[in-house]
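Examination of the molecular architecture
As a plain string of letters, each chain reads:
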Amino acid sequence: GEGGAAIIEEIKKVLRQDGELITADIAETQETLQSLAKQFFYQNATPRLQELRDSFTRVRDWPVLEQPELFETIVRHGVERGVWCLFRMSGSSDEPEEFYSRDTGPLPLNLDLTNPDWSLVSMKRAQKLGWGPKTLDKEKVKGIITHAVQEKEASSVQQVQEKVSQEYGEVPESEVKDTISS
């Protein structure tokens, strides 16, 4: 008979084809992050990281992570790309004790995401709640636009908008147009 390794590879291949396996090469893509955001926020507007981590192994209609370490990669890239924000509440305050979004810069490398107090919130909901920086980092957006145009990756406003959304997450079209014209 065939060895177990061949069977495991075949299972992985089928799962990948069906979009049910998240591998290291797709864990950071905007498409994967957007798809996961729908699952993350489906039942809870502020899910705890521990609940989400457990869902990858317990909830049948969720994809499987090729390696458990990919969960942290997904969380970090989702924050950096503006798909969601990471926060930690303390006590009875309405404001988070710690809050990270694409506008606060990259997450500290020593941040312990296994701490049970961490939760996610969508960018839109965080803005509604008044959490995080109040303005968009126009210099960062300008840098993305400049790079996209110089590399000839974008030549129309629509393409620039798509490139900014790819790199930075959702940015209102009016903000992109304002940045282009400034």
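Residues numbered from 1 in each chain as written. Predicted model: local features only at pLDDT ≥ 70, side-chain atom pairs only at ≥ 80, totals over all residues. Heavy atoms only, no water.

What follows covers the overall build of the chain. If you tally the helices and strands in the chain, you get eight helices and five strands. Order of helices (α) and strands (β) in the chain, N terminus to C terminus: α-β-α-α-β-α-β-β-β-α-α-α-α. Counting the 182 residues in the chain, one finds 36% classified as buried. In the structure as shown, the chain presents an accessible area of about 11100 Å², 49% of it carried by carbon and sulfur atoms. (Helix = DSSP H or I, 4+ residues; strand = E, 2+ residues; numbered from the N terminus. Buried < 20%, exposed > 50% of the residue type's maximum accessible area, 1.4 Å probe, protein only. Areas by Shrake-Rupley, 256 points an atom, 1.4 Å probe, with all protein chains shown as cover.)

Within soluble globular proteins, side chains that are nonpolar generally end up buried alongside one another. The biggest cluster of nonpolar side chains holds 26 residues, and the ones touching the most others in it are Phe40, Leu49, Phe56, Ile74, Trp84, Leu86 and Leu120. For this core, the secondary structure elements donating two or more residues are helix H2 (30-40), helix H3 (49-58), helix H4 (70-80), strand S3 (84-88) and strand S5 (118-122). Take this core: its biggest share by element is five residues, from H4. Setting aside chain neighbours within four positions, we find Ile74 in contact with Ile22, Ala27, Leu33, Leu36, Phe40, Leu65 and Trp84. In this structure, Cys85, Phe87, Val121 and Ala126 belong to the second largest nonpolar core, which totals seven residues. (Core = buried A, V, L, I, M, F, W, Y, C linked by side-chain atoms within 4.5 Å. Contact = heavy atoms within 4.5 Å.)

Viewed as axis vectors pointing N to C, H2 and H4 meet at an angle of 100 degrees, and their least axial separation amounts to 11 Å. It follows that H2 is roughly perpendicular to H4 by the angle criterion. Counting all contacts with H2, which are made through Leu33, Leu36 and Phe40, the residues of H4 involved are Ile74, His77 and Gly78. Taken together, the residues that form the contact of H2 with H4 break down as four nonpolar, two polar and no charged. (Axes fitted to C-alpha atoms, helices over the stretch in contact; angles between N-to-C directions. Parallel < 35°, antiparallel > 145°, perpendicular 65-115°, else oblique. Nonpolar A, V, L, I, M, F, W, Y, C, P; charged D, E, K, R; others polar.)

Using the criterion set out here, one finds five salt bridges in the structure. One salt bridge connects Arg88 with Glu97, and the closest N-O pair in it is separated by 3.2 Å. Assessed through its relative accessible area of 46%, Glu97 is described here as partly exposed. Of the charged contacts, one joins Arg88 and Glu98 as a salt bridge, the two residues approaching to 2.5 Å between their closest N and O atoms. Taken together, the residues span a long stretch of sequence, with Arg88 in strand S3 and Glu98 in strand S4 (residues 98-100) at a distance of ten residues. In this structure Arg88 comes out as buried when scored by relative accessible area, which is 14%. Judged by relative accessible area, Glu98 falls into the partly exposed class, the value being 23%. Overlapping salt bridges, with partners in common, bring together Arg88, Glu97 and Glu98 in one network. (Salt bridge = Lys/Arg side-chain N within 4 Å of Asp/Glu carboxyl O.)

Here we come to the pairing of S5. Where burial is concerned, most of S5 is hidden: four out of the five residues are buried. Where S3 lies against S5, five bridges are found, and the strand directions are antiparallel. Opposite Phe87, over in S5, you have Ser119 as the bridge partner. (Pairing = 2+ DSSP bridges.)

Among the residues of H3, Leu49, Leu52, Ser55 and Phe56 are the ones counted as buried. End-on view of H3: buried residues confined to an arc of 115 degrees, all on one side of the axis. More than 90 degrees from the buried face of H3, the exposed residues found are Thr57 and Arg58. Of the surrounding elements, those touching the buried residues of H3 are strand S1 (21-22), H2, strand S2 (64-65), H4, S3 and S5. (Arc of directions from axis to C-beta.)

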